[in-house]
Amino acid sequence: MKRRGVRGEWLWAYLFIAPMILGVCVFSVGPIIYSFLRSFTKWNGMSAPVFTGLQNYAAMFRDQKTLYEFRNTLLYVIVVVPVTLLLGMFVANLLNKKIRGKTFFRVIFYLPNIAMPVAVAGIWKLLLNSKYGLVNQMLGKIGLPEPSWLSDGRFILWSIIIVAVWSNVGYNVVILLAALQNVPQQLYESAFIDGAPPHILFWRITFPMISPSVFFLLTMSTMNALRVFDIVYSFTFTGNETPIRGPLLDSFRTVVFGIYEKAFVNMELGLASAMAVVLFGVIAGITALQFYMEKKWVHY
Amino acid sequence: MKKMLSVFLVIAIVTSLAACGGGGGSTAPASSGAPAASDGGAAPTPSDDGASGTISFYYWGDEQKSGMESIVALYKGVNPDVTVELTLIPGRDQYYVNLQAALPVGTGPDIMWHNANIADYLDYLVPLDDLVAGSDIDLSNYPQVIVDFYTFGDTLYAIPKDFDTIAIFYNKAIFDSLGVDYPASGWTWDDFLATAQALTNDEHYGYACDFNDSQIGYGNFVRQQRGAAIHPTGDAPVLVNDASMMEGIRFLSDLMYTHNVATPANEITEMPAADQFMGGKAAMLSHGSWMVGPIHSVLGDDLGVVELPIGAHQACQINGLGYAIYKDTKNFDAAWDFLQFLASKEGQAATSQVVIPAFTGAADEWLAAYPSLNLQLFLDATSYAYAEYPYVRDSRKINQIQTDHVSAILTNPGHDIQAELDAAQANMEAALQ
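About the cut-offs
Residues numbered from 1 in each chain as written. Chains lettered and ligands numbered in written order. Predicted model: local features only at pLDDT ≥ 70, side-chain atom pairs only at ≥ 80, totals over all residues. Heavy atoms only, no water. Helix = DSSP H or I, 4+ residues; strand = E, 2+ residues; numbered from the N terminus. Buried < 20%, exposed > 50% of the residue type's maximum accessible area, 1.4 Å probe, protein only. Contact = heavy atoms within 4.5 Å. Areas by Shrake-Rupley, 256 points an atom, 1.4 Å probe, with all protein chains shown as cover. Lys, Arg positive; Asp, Glu negative; His and termini not counted. Charge placed at Lys NZ, Arg CZ, Asp CG, Glu CD. Buried area = accessible area lost by both parts, 1.4 Å probe. Salt bridge = Lys/Arg side-chain N within 4 Å of Asp/Glu carboxyl O. Polar contact = N/O pair within 3.5 Å; in protein donor to acceptor, adjacent residues only side chain to side chain. Disulfide = S-S within 2.5 Å. 1 Å grid on protein atoms, 1.4 Å probe; cavity = no way out; pocket = protein on both sides within 12 Å on 5 of 7 lines; lining within 4 Å. Points joined across faces, edges and corners; volume = space filled by probe spheres on them. Nonpolar A, V, L, I, M, F, W, Y, C, P; charged D, E, K, R; others polar. Phe/Tyr/Trp six-rings, centres within 6.5 Å; stacked < 30°, edge-to-face > 60°. Lys NZ or Arg CZ within 6 Å of the ring centre and 35° of its normal. pLDDT = per-residue confidence, 0-100. Pairing = 2+ DSSP bridges.

**Points about the overall build of chain A**
- Tallying secondary structure elements over chain A gives 13 helices and 2 strands in all.
- Dimensions of chain A, computed from C-alpha atoms along their principal axes, come out at roughly 80 × 70 × 30 Å.
- Counting all 300 residues of chain A, 42% fall into the buried class.
- Counting contacts in chain A only where the partners sit at least 6 residues apart, residues at least 24 apart contribute 67% of the total.
- As displayed, chain A has an accessible area near 17100 Å², and 72% of this comes from carbon and sulfur atoms.
- Distance from the positive charge centre (25 side chains) to the negative charge centre (13 side chains) of chain A: 7 Å.

Below you can see the structure in the form of structure tokens.
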């Protein structure tokens with residue numbers, strides 16, 4: 001009697017998660033396996049795929065553009081992930097004080113994160129326009145140089161990084177603020193009585209207590225940064241009939257942009273799959289490394 | 001009670017999921033269900049006027065929506081038995097992504113349109129020669145250059161729908177304020193340069209174009225040197241490093257960086273040439289016939305249009321659209337019946353408030369829309385226009401390689417043009433291997 005009850009509960013459990021699991025299998029696991037298999041073929045998406053072994057992987061690394069894509073993506077990750085995390089931590093600590101309108105500020109900081117990336121990029125392109133944009137007009141007012149943010153290969157990736165930091169920092173703030181508010185007040189009180197200075201309070205109490213959230217944000221934002229696409233894609237469109245191409249595009253193309261271009265413009269779906277597999281490996285590797293390092297600094 | 005509720009919830013979730021799954025599939029059988037009767041029913045002699053059922057039509061571009069809807073409404077009056085389901089796909093790139101996914105598995109449209117870049121899709125289209133020969137469609141009603149877009153070997157794959165050609169748009173207010181004569185047809189590159197020089201000052205440049213666009217930018221200058229932006233020749237699949245290509249691109253580069261009379265590439269990258277022109281930052285603009293309406297709405301009677309200047313000869317780029325039928329359509333009779341209507345003068349004229357119909361003489365509405373402008377020149381341009389795209393497979397891919405190299409030239413003053421074109425040639429040949 002009792003055993004049947006337990007079995008019944010398991011059945012219910014599976015039934016409840018079935019829609020989610022089915023969804024993941026059909027829309028994620030399936031395509032991952034499929035594109036892994038396709039990465040060994042030459043396939044334009046329309047005619048039958050032809051098995052070519054590792055040729056796609058070889059072609060990928062021979063292509064100069066792949067090099068640019070990995071270089072730009074790496075720079076993007078190295079800058080965007082730490083900066084959004086530190087900035088998020090800074091703002092969250094400011095908001096963790098007893099200030100008026102805390103909720104209001106929280107909303108303000110979070111808003112950029114829920115705006116559509118394409119719309120965000122559109123607004124920023126207006127702001128960054130070198131001749132008519134607000135940013136350069138302000139730089140000019142205080143006598144600073146006015147770079148061509150959107151048309152100079154030395155700056156365009158940095159423009160994208162600025163936009164990415166601006167739109168991602170709010171998410172980090174909300175998560176970290178929630179973590180900060182869960183730190184028990186009595187820890188601070190007793191440390192305060194013992195005469196601990198503020199930086200000790202932060203490093204000995206605050207940081208260890210919020211480290212699980214920091215770890216969560218670190219892994220998630222690294223994964224997201226490695227897959228950056230939408231802002232980059234939006235920045236190729238300038239309103240011209242033909243989007244940005246050539247050396248300027250090479251200065252900010254990223255890995256996922258390359259996958260998109262190969263798959264849907266050049267119709268080389270096998271090659272694009274190979275690149276997706278490599279990116280999958282890179283992300284899996286970095287995430288595994290982060291989980292390994294986690295034991296050293298994250299406290300649960 | 002709680003358990004009852006959860007059972008109920010699970011059932012609700014599962015059935016709603018099933019409904020979602022079925023929803024996508026059920027539209028396809030609905031359209032394929034009807035023709036199964038005529039297909040499988042031992043050939044019940046389907047004649048043209050016996051066409052019935054539902055067919056789907058895919059197209060892109062919001063601006064074409066009203067035209068396509070009026071065509072379908074008119075067709076309903078001609079053959080009420082056929083229902084045409086229109087599907088608007090917002091952008092051109094998205095349209096091709098959809099076709100690429102749908103055509104191989106047979107979930108695509110029964111009838112669709114294609115621009116000159118059709119070579120990759122021939123395997124999925126019905127060859128039309130025999131059908132056209134046995135019908136009222138007369139191909140001499142359409143400009144030969146557009147029929148040629150869709151003819152491979154001797155086989156025709158689409159019926160022309162509309163076309164667009166390129167001309168110079170100019171701002172009369174700027175000409176007047178500087179006392180410069182309006183350009184007249186028959187003007188040459190030298191006249192063009194002199195005019196642009198007279199119009200350039202601190203306020204504005206003489207000329208602007210989307211430099212790296214072959215259709216409205218550099219490609220026209222190349223054509224005017226008797227070359228082609230990309231073109232197949234007898235022994236080479238493409239030829240992009242010949243003298244005409246060199247001369248055409250160098251002319252544009254010189255306009256920007258030697259004579260300083262054209263808006264330089266970095267400024268165009270940040271703001272499209274058309275916007276620069278409409279904002280009074282450039283006195284002349286090369287653009288397509290589809291921009292007449294939008295630009296006129298800003299400049300009003302200050303707008304003038306004139307043919308592109310003549311280089312080694314008179315030339316401009318042309319692109320267009322054509323209607324094609326999916327090879328394995330489940331309702332061929334209805335699709336062919338609809339295509340014949342689309343090809344007729346009536347069917348073509350229905351869209352002439354937005355585009356130039358391919359059917360000669362069906363463009364009255366378009367011509368009359370802006371009486372102050374000599375729009376006839378866009379139609380007459382078909383006599384000296386060349387297709388932008390090459391008639392080869394993978395043309396999007398090689399076009400992109402081309403644009404990469406041309407962008408490298410035109411964004412760098414003093415760049416070694418010949419070396420860059422040689423690299424383009426090598427890369428494009430490699431891509432077509």
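Okay, back to it.
**Considerations on the interface of chain A and chain B**
- Opposite the 37 residues of chain A that make contact, chain B presents 35 residues.
- Buried surface at the junction of chain A and chain B, both sides included, amounts to about 3200 Å², of which 55% is carbon and sulfur.
- On the chain A side of the contact with chain B, Met 46, Glu 241 and Arg 245 of chain A bury the most area, a combined 21% of that side's loss.
- In this assembly, chain A and chain B are joined by 4 salt bridges.
- The salt bridge partner of Lys 131 of chain A is Glu 267 of chain B, with a shortest N-O separation of 3.0 Å.

**Quick word on the side chain of Ser 251 of chain A**
- Within the secondary structure, Ser 251 of chain A sits in the loop between α11 (247-250) and α12 (255-265).
- The residues touching Ser 251 of chain A, leaving out its near neighbours within four places in the chain, are Arg 71, Asn 72, Gly 153, Ile 156 and Leu 157 of chain A.

**Structural notes on the side chain of Asn 212 of chain B**
- By the element assignment, Asn 212 of chain B lies in the loop between β7 (205-208) and α8 (218-224).
- Residue Asn 212 of chain B is classed as buried on the basis of its relative accessible area of 5%.
- Separated by 3.4 Å, the side chains of Asn 212 of chain B and Ser 407 of chain B make a polar contact.
- Excluding residues that lie within four positions of it along the chain, Asn 212 of chain B makes contacts with Thr 242, Pro 243 and Arg 245 of chain A together with Tyr 218, Thr 403 and Ser 407 of chain B.

**Structural notes on the environment of Leu 99 of chain B**
Residue and element names in this part refer to chain B.
- In this structure, Leu 99 sits in helix α3 (residues 92-102).
- Overall, the relative accessible area of 0% leaves Leu 99 in the buried class.
- Each C-alpha atom of the pair Leu 99 and Gln 340 lies 23 Å from the other, and the pair is 241 residues apart in sequence.
- Sequence-distant contacts of Leu 99, that is, excluding residues within four places in its chain, are made with Tyr 58, Pro 104, Pro 109, Met 112, His 114 and Tyr 121.

**Comments concerning the state of the cysteines**
Residues and elements named next belong to chain B.
- Going through the model one piece at a time under the given rule, you end up with 0 disulfides over all chains.
- The thiol of Cys 209 is unpaired, and the distance to the nearest cysteine sulfur, on Cys 316, comes to 14 Å.
- The class for Cys 209 is buried, based on a relative accessible area of 3%.

**Topic: the layout of surface pockets**
- The calculated volume of the second largest pocket comes to roughly 1500 Å³.
- As for the second largest pocket, its lining consists of 47 residues, and the residues nearest its centre are Glu 268 and Leu 271 of chain A together with Lys 397, Ala 430 and Ala 431 of chain B.
- Every element with two or more residues in the lining of the second largest pocket is listed here: β1 (41-42), α2 (55-62), α3 (64-95), α11, α12 and α13 (269-297) of chain A together with α17 (395-410) and α18 (417-431) of chain B.
- Take the lining of the second largest pocket: its biggest share by element is 6 residues, from α17 of chain B.
- A per-class count over the lining of the second largest pocket returns 17 nonpolar, 14 polar and 16 charged.

**Re the packing of aromatic side chains**
- With the rule as written, the count across this model stands at 49 aromatic pairs over all chains.
- Three or more aromatic residues joined by ring pairs make a cluster, and in this case those are Phe 57, Tyr 59, Trp 60, Tyr 75, Tyr 95, Tyr 96, Trp 113, Tyr 121, Tyr 323, Phe 338 and Phe 341 of chain B.
- When the ring centre of Trp 43 of chain A is taken as origin, the NZ or CZ atom of Arg 38 of chain A, which lies over that ring, is 4.7 Å away.
- Positioned above the aromatic ring of Phe 235 of chain A is the side chain of Lys 125 of chain A, whose terminal nitrogen or guanidinium carbon lies 6.0 Å from the ring centre.

**Comments concerning unusual backbone geometry**
- Positive phi, close to 60 degrees, is recorded for Met 267 of chain A, a residue that is not glycine.
- Among the secondary structure elements, Met 267 of chain A is positioned in the loop between α12 and α13.
- Here Met 267 of chain A falls in the buried class, since its relative accessible area comes to 6%.
- Phi angles above zero are rare outside glycine, and Asn 260 of chain B is one such case at about 55 degrees.

**A look at the pattern of salt bridges**
- Tallied over the full model, the rule gives 13 salt bridges over all chains.
- Across the salt bridge formed by Asp 404 of chain B and Lys 65 of chain A, the nearest N and O atoms sit 3.4 Å from each other. In this pair, Asp 404 of chain B is assigned in helix α17 and Lys 65 of chain A in helix α3, connecting two distinct chains.
- Residue classification places Asp 404 of chain B among the buried residues on the basis of a relative accessible area of 10%.
- A salt bridge links Arg 250 of chain B to Glu 247 of chain B; the nearest nitrogen and oxygen atoms lie 3.2 Å apart. Here Arg 250 of chain B and its partner Glu 247 of chain B are both found in helix α9 (residues 243-257), 3 residues apart, which amounts to about one turn of the helix.
- Judged by its relative accessible area of 30%, Glu 247 of chain B is partly exposed.
- Members of the salt-bridge network, linked through shared partners, are Lys 65, Glu 69, Arg 245, Asp 250, Arg 253 and Glu 261 of chain A together with Asp 404 of chain B.

**What to know about the confidence of the model for chain B**
All names here are of chain B.
- With 85% of its residues at a pLDDT of 70 or more, chain B has an overall mean of 85.
- For residues 12-48, every residue scores under 50 in pLDDT, and the model assigns this stretch 13 contacts once sequence neighbours within four places are set aside.
- With pTM at 0.83, the complex prediction returns an ipTM value of 0.85.

**Here we look at the pairing of strand β9 (residues 303-306) of chain B**
All names here are of chain B.
- A two-sided burial pattern is seen for β9, the buried positions comprising Leu 303 and Val 305 on one face and Gly 304 and Val 306 on the other.
- Bridge analysis of strand β6 (residues 159-171) against β9 gives 4 bridges, and the strand direction is antiparallel. Bridge pairing in β9 links Tyr 170 to Gly 304.

**Thoughts on the environment of Asp 136 of chain B**
Residue and element names in this part refer to chain B.
- Tracing the backbone through its elements, the reader meets Asp 136 in the loop between α4 (129-133) and α5 (144-149).
- Residue classification places Asp 136 among the exposed positions, given a relative accessible area of 80%.
- Between the C-alpha atom of Asp 136 and that of Ser 352, which follows or precedes it by 216 residues, the distance is 22 Å.

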